[in-house]
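Coordinate inspection notes
Letter by letter, the chains look like this.
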Amino acid sequence: MKMSKITLKLNERLLKVINVISDQAQNELEGLVKTTHTVQFELFPGSLLVNCFFETQAQLDNSQALEKVFQRKLQKLLLKQGILLKESSRNLKFCLAQ
């Protein structure tokens, strides 16, 4: 499916934010393996989900306290791009890598 011009611009702004939050997470979170995201633009921004995957359960447990911090960071970065999240706790999750 071809994306409209508006969706392409929105995707560019979103990818900038995803790259920034991914870099910050990589630098600040021990054991972070990768960061991924999914989005359905027809349901955006509620459909955005950023997952931060950790190597071990212990590393995930140690980083769990920072999950809310990164949710707020994501919300602030998106707001700077003109994208308002209603509940950032639904848009960023820390997970165990499979």
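See above for the structure.
Report on the accompanying structure.

The rules behind each value
- Residues numbered from 1 in each chain as written.
- Predicted model: local features only at pLDDT ≥ 70, side-chain atom pairs only at ≥ 80, totals over all residues.
- Heavy atoms only, no water.
- Core = buried A, V, L, I, M, F, W, Y, C linked by side-chain atoms within 4.5 Å.
- Buried < 20%, exposed > 50% of the residue type's maximum accessible area, 1.4 Å probe, protein only.
- Helix = DSSP H or I, 4+ residues; strand = E, 2+ residues; numbered from the N terminus.
- Contact = heavy atoms within 4.5 Å.
- Phe/Tyr/Trp six-rings, centres within 6.5 Å; stacked < 30°, edge-to-face > 60°.
- Pairing = 2+ DSSP bridges.
- Axes fitted to C-alpha atoms, helices over the stretch in contact; angles between N-to-C directions.
- Expected span 1.5 Å × (residues − 1).
- Arc of directions from axis to C-beta.

1. Regarding the nonpolar core
- Within the largest apolar cluster, 22 residues are counted, with the highest numbers of intra-cluster contacts made by Leu29, Phe54, Phe70, Leu74, Leu78, Leu92 and Phe94.
- Elements that contribute at least two residues to this core include exactly helix H1 (5-28), strand E2 (49-54), helix H3 (67-80) and strand E3 (92-96).
- Of all the elements, H1 adds the most residues to this core, at six residues.
- Apart from the residues within four sequence positions on either side, Leu29 is in contact with Phe54, Ser63, Leu66, Phe70 and Phe94.

2. Considerations on the packing of aromatic side chains
- Across all of its chains, the model carries three aromatic pairs by this definition.
- Aromatic side chains Phe70 and Phe94 sit 6.2 Å apart centroid to centroid with 55° between the ring planes, which places their arrangement in the tilted category. Of this pair, Phe70 sits in helix H3 while Phe94 sits in strand E3, placing them 24 residues apart in sequence. Assigned by exposure class, Phe70 and Phe94 land together as buried.
- Following the ring pairs from residue to residue traces out a cluster consisting of Phe54, Phe70 and Phe94.

3. Details of the pairing of E2
- Burial runs high along E2: five of the six residues are buried.
- Bridging between strand E1 (residues 32-38) and E2 involves six bridges; their strand directions are antiparallel. Across the sheet, residue Thr36 finds its bridge partner in E2, namely Asn51.

4. Some words on the sheet that holds E1
- The three strands are arranged E1-E2-E3 in an open sheet whose pairing can be described as mixed. The strands lining the two open edges of the sheet, one partner per strand, are E1 and E3. On average, adjacent strands in this sheet sit at an angle of 25° to one another, irrespective of strand direction.
- Packed on one face of the sheet, H1 meets E1, E2 and E3 and runs near 160° to E1.
- Across the sheet, H3 touches E2 and E3, and the angle it forms with E3 is around 140°.

5. So, H3
- In this model H3 runs 20 Å from its N-terminal to its C-terminal C-alpha over 14 residues, within 8% of the 20 Å that 1.5 Å per residue would give.
- Looking at H3, one finds that the buried residues are Glu67, Phe70, Gln71, Leu74, Leu77 and Leu78. When H3 is viewed along its axis, its buried side chains cluster within an angular range of 130° and face the same direction. Relative to its buried face, H3 has exposed residues pointing more than 90 degrees away, namely Lys68, Lys76, Leu79 and Lys80.
- For H3, the elements touching its buried residues are H1, E2, helix H2 (57-63) and E3.
- Among the residues trailing H3, Gly82 stands out with phi positive, at a value near 85°.

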